[in-house]
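An overview of the molecular structure
The lines below spell out each chain.
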Amino acid sequence: METQNIPYQIIRSNRKTVSIQIRADGQVVVRCPRRMSGDAVRTFVESKAKWIGKHLARQAAAPKLPPFTDEEIRELVQKAREIIPRRVAYFAPLVGVTYGKITIRSQRSRWGSCSSKGNLNFNCLLVLAPAEVLDYVVVHELCHRKEMNHSGQFWAEVARIFPDYKASNAWLKENGAALIGRLSG
């Protein structure tokens, strides 16, 4: 699909909202509800063309760092296995939840996730982010133990534990693609 010379990929799923993601390789991805028409998607992309252009230009201007080696990724995973479980153990009682298994991975699309069984997954690249950003992602995933969505109640719970979460979220949006772009393969 292409709109105003902006090529994009559509991913349809059982979601209620539309979002645009710009991947580390510059690919524009539109995530939308299954029943959303192609014309509605095109209109949405056109309405966001200025935003997309700004982010693509910023990404193109960013210095390109070499991909992480396999050894560097192993070291990041090891460091994350030391740090993240401690942060989860610290914040879980503050959130008022329990959790299951913690898994650390090198992921291209997520910083963290929480399963319905309470298992938590985190991206090893979080150890390269400022400490407050890592803590925000931990709190975000732990709050999913109470609300498995991104409702107002969910964000209120995140804000209760981590009042300045928006700054950390903004840091990930601003800097995350450069980190993820260093994952090879």
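Everything here concerns the structure above.
Residues numbered from 1 in each chain as written. Predicted model: local features only at pLDDT ≥ 70, side-chain atom pairs only at ≥ 80, totals over all residues. Heavy atoms only, no water.

Within the largest apolar cluster, 38 residues are counted, with the highest numbers of intra-cluster contacts made by Ile84, Trp111, Phe122, Leu125, Val138 and Leu142. Looking at this core, the elements with two or more residues in it are α3 (70-95), β7 (120-123), α4 (131-143), α5 (152-161) and α6 (165-180). With nine residues, the single largest contributor to this core is α3. Formed by 12 residues, the second largest nonpolar core is a distinct cluster that contains Val28, Cys32, Val41 and Ile52. (Core = buried A, V, L, I, M, F, W, Y, C linked by side-chain atoms within 4.5 Å. Buried < 20%, exposed > 50% of the residue type's maximum accessible area, 1.4 Å probe, protein only. Helix = DSSP H or I, 4+ residues; strand = E, 2+ residues; numbered from the N terminus.)

Let us now look at α4. Spacing of three or four residues puts side chains on the same side of an α-helix, whose turn is 3.6 residues. Between its terminal C-alpha atoms α4 stretches 18 Å, which fits the 18 Å expected from 13 residues at 1.5 Å a residue. Taking burial as the measure, the 13 residues of α4 include 11 buried ones, the bulk of the element. Among the residues of α4, those classed as buried are Val133, Leu134, Asp135, Tyr136, Val137, Val138, Val139, His140, Glu141, Leu142 and Cys143. Buried residues belonging to α4 abut α3, β6 (112-114), β7, α5 and α6. (Expected span 1.5 Å × (residues − 1). Contact = heavy atoms within 4.5 Å.)

With that settled, the discussion passes to the layout of surface pockets. The calculated volume of the largest pocket comes to roughly 2200 Å³. Taken together, 49 residues form the lining of the largest pocket, with Ile20, Gln21, Ser109, Trp111 and Lys173 sitting closest to its centre. Put simply, the parts of the chain that give the lining of the largest pocket at least two residues each are β3 (19-22), α2 (49-61), β6, α4 and α6. Tallying contributions element by element places α6 first for the lining of the largest pocket, with nine residues. Class assignment of the residues belonging to the lining of the largest pocket gives a composition of 19 nonpolar, 17 polar and 13 charged. (1 Å grid on protein atoms, 1.4 Å probe; cavity = no way out; pocket = protein on both sides within 12 Å on 5 of 7 lines; lining within 4 Å. Points joined across faces, edges and corners; volume = space filled by probe spheres on them. Nonpolar A, V, L, I, M, F, W, Y, C, P; charged D, E, K, R; others polar.)

Right, let's get into the packing of aromatic side chains. Enumeration according to the criterion identifies five aromatic pairs in this entry. Aromatic side chains tyrosine 90 and phenylalanine 91 sit 4.8 Å apart centroid to centroid with 85° between the ring planes, which places their arrangement in the edge-to-face category. Overall, tyrosine 90 belongs to the partly exposed group, its relative accessible area being 45%. Ring geometry for tyrosine 136 against phenylalanine 162: centres 6.3 Å apart, planes inclined by 50°, an arrangement best described as tilted. On the criterion of sequence distance, the pair formed by tyrosine 136 in helix α4 and phenylalanine 162 in the loop between α5 and α6 is long-range, its members being 26 residues apart. A relative accessible area of 3% means that tyrosine 136 is categorised as buried. (Phe/Tyr/Trp six-rings, centres within 6.5 Å; stacked < 30°, edge-to-face > 60°.)

Without other data, these values stay purely geometric and don't point to any function.
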